[in-house]
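Now for the letters of each chain:
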Amino acid sequence: MSTIFPIGPFHLALKEAALLKLEVEGERIVGGDIKLGYMHRGIEELATKKSYHSNIFLAERVCGICNTAHSTCYAQTVEALMGIDPPARAGYIRTIVFEAERLQSHLLWFGVGMHEIGYDTAYMYMWMEREHALDMLEAICGKRVNLGINTLGGVRRDITPDKMSFIRTKLDLLERAVRKTGKLIGEDRVVKARVKDVGVLTRDEAKRLCVVGPTARGSGVNIDTRRDDPYAAYPNVEFDVPVEEGGDVLSRTLVRLRELSQSIKIIRQALNDMPGGPIALEELPFPRVGEALGRVEAHRGELVYYIRSDGTNSPERVKIRTPSVVNNNSLIPMMLGETIADAPIILASIDPCFSCTDRVTIVDVRKNKEKTMTLSDLRRGRPA
Amino acid sequence: MFARKKSPWVMHLPCGGCNGCDIEVVAALTPRYDVERFGVLQKGTPRHADVLLVTGVVTAQVKERLKRTYEMTPNPKFVVAFGSCAIDGDIFRDGYGYAGPLDEVLPVDTYIPGCPPRPEALIDGLNKLLQKVR
Amino acid sequence: MKRHIILEGIRGSLNPFTTKYPKKSYIPPDGFRGAAEYDAERCVGCGACSQQCPPGAITYTDDEKERKLRLSYGVCSFCGRCEEVCPWDAIHLTKKYELAVYNREDAETGVDIPFFQCTECGRPFFPYPQMKASLEKVGETLAEYGIKQEELANLISLCPTCSFTVDKMPERRMFMRRLVK
Amino acid sequence: MTSIPETLIGLLVYPGFLFSLVVGGLFYWLYRKIKARFQARIGPPCYQFFIDLMKLFSKESITPYTAGSTMLVLAPILSVTGLLLAEAMLPIGSGSVLEFEGDLIVALYLLALPGIAMMIAGTSSGSPYGSVGSAREASLMVGYELPYALSVLTLGFYVKSLSLSVIVRYQLVNGAFFLRYPMATLAFLLCLLPKVGRRPFDAPEADTEIIGGPLTEYSGALLGLFEVVNGLRWFVIPAFAVNLFFGGGANILEFLLKSLGLVLLLSILDVIHPRYRIDQGFKFFLKWALPLSLVDFVRSLVLS
């Protein structure tokens, strides 16, 4: 006999609303289903109503954690439509902000991951170090989240020399933090017991499900858009793409850990090599009629924007393929055979971002009338 | 009442936002802002909560759930709309997924504008909310 | 195996990372994008900010006397686009971030721009500062063509209805002819 | 033999309910404070626990439609009663309120009541989180009760008495038991962690997995009662350990200081550990705590 065990829509393990129904026998998971759509806001439709410029801010708000990834990808796609290249300095600034955001996103992930397995002290430490990355972003962009650094044909804020030295001091702090993170997580036996051989996704399975980003790299699939299809200042910086073969939660953790130090390395290089010149183009041409595809390596994997223009002031169609869309498919195969206690850490290990995902599902407001035990049972009066 | 002012237990309800507010709420719990020094605890179930902290736009899907969660919370209860999305829809207000501002669904006690508001703004907002509690 | 976390813990307990926030207020760095505010001296009421605001947080309503520009913080996405597009440098993002209010209506700022009244019929029809500012801007160029500022001012101080009335028509036509030349 | 009013005062005021609630509340605050400081935070003020209690008792209590309401109310009361009676049997400073031959066994099993109450609470609330929580509590109890009882009985066999006061008196003369039976002490301390519901064995209440665990459906005054249990057990359970293994206390101050030390130890253990999965926790007890206690148990049988 299996019961349905709901995780969500409002659950401490999830920082966003989503409903994960797990069929459990005792504590063991035998099946499951993800119900998304609680966060569906209709962004793709909304993007066709707004002007090209306003859409930068809309794209940024697809997801608050990887907002620069979204706005960079959108801006690059529109720039391709316009047939322009942003100035070199803008590319470097984009790269710096992009990697600084990857730092905060991965540190955030470590915190959340540690929180899922109940390691609150490590969680607090990760978030404490994350504040340094946020300080850095606030100094560059003027905000901690939803940075708004990109504009069409460049960036909006310059990095002045005194900001540069501020960033360097913060980078030193972060580098120390990354070293400590490795020790805290890598040398803890209880953590190992919780993450090793849990939620295994084999290489073949990963390829079949087309997962991207750290989820794929943790399963031994060597893909990274930054290296394979470089953009902004990535062609000019050197970095490694960490790949782990294990496919379990531990491998995905290690991939992220090594990406952290790579990000610091990239920011250092970009700061040193930053060319002078303007940060944005003065004149912008009108987007030509046609279509364009842009992709970047967001913190969770490859992010794709497709924009079709019909020569008006707003795009005719915007399609966003976020990394979480493909990564979420791998959740249920990973969870089969594990216990409820492992569900949150497996869920966290792919760093799911439901606000990224919930754009294209069909809005369905029909009442939840299933006979299974769902959150409705928590209600005072059960619906008849 | 004195006790109520010093121990607001918060349940965080992430609706259809972009996550920005959600991570700022969590950041408020962490070392730099540490809302626990004001007695704030994050609770996972509405039964334990005093304050419902709603972030993100109220989408058509989440509307019913919000009402249900509000019903499940024992009295006295307070609702805080955190972030511009919850207050008036921010940039999503023209989309079809938007189901109206939060105060049309639940009675809101304090609004904290910002996109997202800084964790300091959350502390400030909670202070203002608790000043209202008598 | 637990050495690192214990060391960290001791270090952490000796100097906590927590801010003293409510007692000591936090001052954001320069360039912080807080609540936007109008500079009532400079604003001319052109409404460029309202045109370009991505979420549509800035709206204006015209009544008998003045144009009311309103920025609702509940809709504002704090992107700073208004600051970017304002031709008069009249809206700025301040460092304010403590914006909590009890009523949704309280979370807004704005300016009231008085209207210019038609010299003929007395009907208000155009934001006064905008007219003044544009006269200054255009006046110098027009002077090269031998058009005096007062002449222009006379003409545009009439509301659209009045300027097309029969008795004003010849004067307007003369003016337009000189302008085209 | 004491008179009934004296017993009542002993049970409800000193050293019973009120006293242990205050001390337990302070110990609980200490735990939260240590946790906060270890995480480079400031932490709550010292009156936080009492404020929380006051607030919870002034709130509305909702009984879910699906819950068995009688058991829902009984569970926290059972828990409080168990802890209180056990507390009355402990010699705190000098002498206990209720004292009889065999009170060791009774106290041992009264202290298991909070766990059982948790299970009842979880199953009666009718929430899936609650039932998973109580299933976890049950399997963890199977794991820890055996080494726990064994290490306590070690002492009983050694002094050839099942009376708490005899054990305490013996230690006052011959030195504390933790020197004589270090392994049993270790096993006992390990079992204290799930007893107070702390990491790495807090799986029954794991908030990120099963939200509130058995307490998911509780609200208002009933939740307040569980908070009372939480406060009481921060005093009673360390006090039990102090009496058994650390030589009790000649006066109340010494006793409190010893409990304080134990609370500090438990807090730090909690802070530096992640949570064990339930099967790992269960295995941990079978693998480490049970052999440890068994060794000392056999030793005490041989020695005595």
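Analysis parameters
Residues numbered from 1 in each chain as written. Chains lettered and ligands numbered in written order. Predicted model: local features only at pLDDT ≥ 70, side-chain atom pairs only at ≥ 80, totals over all residues. Heavy atoms only, no water. Helix = DSSP H or I, 4+ residues; strand = E, 2+ residues; numbered from the N terminus. Rg over C-alpha atoms; globule rule 2.2 N^0.38 Å. Salt bridge = Lys/Arg side-chain N within 4 Å of Asp/Glu carboxyl O. Buried < 20%, exposed > 50% of the residue type's maximum accessible area, 1.4 Å probe, protein only. Pairing = 2+ DSSP bridges. Contact = heavy atoms within 4.5 Å. Buried area = accessible area lost by both parts, 1.4 Å probe. Polar contact = N/O pair within 3.5 Å; in protein donor to acceptor, adjacent residues only side chain to side chain. Nonpolar A, V, L, I, M, F, W, Y, C, P; charged D, E, K, R; others polar. Axes fitted to C-alpha atoms, helices over the stretch in contact; angles between N-to-C directions. Parallel < 35°, antiparallel > 145°, perpendicular 65-115°, else oblique. Expected span 1.5 Å × (residues − 1). Arc of directions from axis to C-beta. Patch = residues over 30% accessible without salt bridge, like charges linked within 9 Å, V, L, I, M, F, W, Y side chains within 5 Å. Areas by Shrake-Rupley, 256 points an atom, 1.4 Å probe, with all protein chains shown as cover. Lys, Arg positive; Asp, Glu negative; His and termini not counted. Charge placed at Lys NZ, Arg CZ, Asp CG, Glu CD. Domains from an automatic or database assignment. Core = buried A, V, L, I, M, F, W, Y, C linked by side-chain atoms within 4.5 Å.

Draft legend 1. Examining the overall build of chain C more closely. Within chain C, the regular secondary structure consists of seven helices and six strands. Reading chain C from its N end, one meets helices and strands in the order α-β-α-β-β-α-β-β-β-α-α-α-α. Against the globule reference of 16 Å for 181 residues, chain C gives a C-alpha radius of gyration of 26 Å, more extended than a compact globule. Principal-axis analysis of the C-alpha atoms gives chain C an extent of 95 × 40 × 25 Å.

Draft legend 2. Fine view of the pattern of salt bridges. Residues and elements named next belong to chain A. Tallying each qualifying case throughout the model produces 54 salt bridges over all chains. Across the pair glutamate 79 and arginine 94 runs a salt bridge whose closest N-O atoms are separated by 2.9 Å. Placement of the pair is glutamate 79 in helix 3 (residues 67-82) and arginine 94 in helix 4 (residues 88-116), with a sequence separation of 15 residues. Across the pair, exposure class does not vary: glutamate 79 and arginine 94 are buried alike. One salt-bridge network, held together by shared partners, links Glu99, Arg102, Arg217, Asp224, Arg226, Glu259 and Glu297.

Draft legend 3. How the structure looks around the sheet that holds strand 1 (residues 9-14) of chain B. All names here are of chain B. Pairing within the open sheet is parallel, and its five strands lie in the order 2-1-3-4-5. The sheet is open, and its two edges are formed by strand 2 (41-42) and strand 5 (110-112), each paired on a single side. In the sheet, strand 1 pairs with strand 3 (residues 51-55) via five bridges, with the strands oriented parallel. Considered in strand 3, the bridge of methionine 11 is made with leucine 52.

Draft legend 4. Fine view of the interface of chain C and chain D. In this assembly, ten residues from chain C lie in contact with eight residues from chain D. Summed over both partners, the interface of chain C with chain D comes to about 800 Å²; 66% of that surface belongs to carbon and sulfur atoms. At the boundary of chain C and chain D, one finds zero salt bridges. Our count for the chain C to chain D interface comes out at zero residue pairs in polar contact (both at pLDDT 80 or more). Tallied by class, the residues present in the side of chain C that touches chain D amount to five nonpolar, four polar and one charged.

Draft legend 5. Looking closely at the sheet that holds strand 6 (residues 290-298) of chain A. Residues and elements named next belong to chain A. Taken in spatial order, the three strands line up as 6-7-8 in an open sheet, and their pairing is antiparallel. Every interior strand has two partners, whereas the edge strands, strand 6 and strand 8 (317-321), have only one. With strand direction ignored, the average angle separating the axes of adjacent strands in the sheet is 10°. In this sheet, strand 8 lies alongside strand 7 (residues 301-309) in antiparallel orientation, the contact comprising five bridges.

Draft legend 6. Region of the structure containing the packing of helix 8 (residues 164-174) of chain D against helix 12 (residues 220-245) of chain D. All names here are of chain D. Interhelical geometry of helix 8 versus helix 12 gives an angle of 55° and a closest axis separation of 7 Å. The orientation of helix 8 with respect to helix 12, classified from their angle, is oblique. Contacts between helix 8 and helix 12 involve Leu164, Ile167, Val168 and Gln171 from the former and Phe240, Asn243, Leu244 and Phe245 from the latter. For the contact of helix 8 with helix 12, the residue count by class is six nonpolar, two polar and no charged.

Draft legend 7. Focus on helix 1 (residues 3-14) of chain C. Residue and element names in this part refer to chain C. If you check helix 1, its first and last C-alpha atoms are 17 Å apart, about what twelve residues at 1.5 Å a residue would give, namely 16 Å. Taken together, the buried positions of helix 1 are His4, Ile5, Glu8, Gly9, Gly12 and Ser13. Along the long axis of helix 1, the arc covered by the buried residues comes to 155°, so they all point the same way. Projecting away from the buried face of helix 1 at angles above 90 degrees are the exposed residues Arg3 and Leu14.

Draft legend 8. Inspection of a positive patch on the surface at higher detail. A cluster of like positive charges, contributed by Arg176, Arg179 and Lys183 of chain A together with Arg3 of chain C, occupies part of the molecular surface. Examining the composition of the positive patch, we find that three residues originate from one element, helix 6 (residues 161-186) of chain A, more than from any other. By the secondary structure assignment, arginine 3 of chain C is in helix 1.

Draft legend 9. Spotlight on a nonpolar patch on the surface. Taken together, the side chains of Phe157, Leu294, Val298, Leu301 and Val302 of chain D present a nonpolar region at the surface, about 450 Å² in accessible area. At four residues, helix 14 (residues 278-303) of chain D tops the list of elements feeding residues into the nonpolar patch.

Draft legend 10. Here's a closer look at the environment of leucine 53 of chain B. All names here are of chain B. Mapped onto the elements, leucine 53 comes out in strand 3. On a C-alpha basis, the gap between leucine 53 and histidine 12 in space is 4.8 Å, while along the polypeptide they are 41 residues apart. When sequence neighbours within four positions are dropped, the list of residues in contact with leucine 53 reads Val10, Met11, His12, Leu13, Val25, Val80, Phe82 and Leu122.

Draft legend 11. Main features of the pairing of strand 2 (residues 58-62) of chain C. Residue and element names in this part refer to chain C. Both strand 2 and strand 3 (residues 66-72) contribute to a ladder of five bridges, which runs antiparallel. Bridging from a neighbouring strand, threonine 61 pairs with lysine 68 of strand 3. The turn linking strand 2 back onto strand 3 is made up of three residues.

Draft legend 12. Local environment of the pairing of strand 6 (residues 124-127) of chain C. Residue and element names in this part refer to chain C. Alignment of strand 5 (residues 108-117) against strand 6, held across three bridges, turns out to be antiparallel. Counterpart to phenylalanine 116 in the pairing with strand 6 is phenylalanine 126. Counting the residues between successive antiparallel strands, the hairpin from strand 5 to strand 6 contains six residues, one of them, glycine 122, with a positive phi of roughly 80°.

Draft legend 13. Representation of the domain arrangement of chain A within the structure. Residues and elements named next belong to chain A. Each domain of chain A was delimited in the assignment, giving domain 1 (3-39 + 327-380) and domain 2 (43-321). Each partner contributes residues to the interface: domain 1 has 23 residues there, and domain 2 has 31 residues. The interface formed by domain 1 and domain 2 includes zero salt bridges. Applying the counting criterion to the domain 1 and domain 2 interface returns three residue pairs in polar contact (both at pLDDT 80 or more). Looking at the side of domain 1 that touches domain 2, the elements with two or more residues in it are helix 13 (331-335), helix 14 (343-349) and helix 15 (354-357). The element that contributes the greatest number of residues to the side of domain 1 that touches domain 2 is helix 14, accounting for five residues.

Draft legend 14. Representation of the nonpolar core within the structure. Within the largest apolar cluster, 221 residues are counted, with the highest numbers of intra-cluster contacts made by Phe240 and Leu244 of chain D. With 14 residues, helix 4 of chain A is the largest single contributor of residues to this core. What leucine 244 of chain D contacts, discounting residues up to four positions off in sequence, is Leu104, Val152, Leu155, Leu164, Ile167, Gln171, Phe177 and Phe188 of chain D. In terms of nonpolar packing, the next biggest core, distinct from the first, is built from 44 residues, Val58, Leu102 and Cys115 of chain B together with Leu69 of chain C among them.

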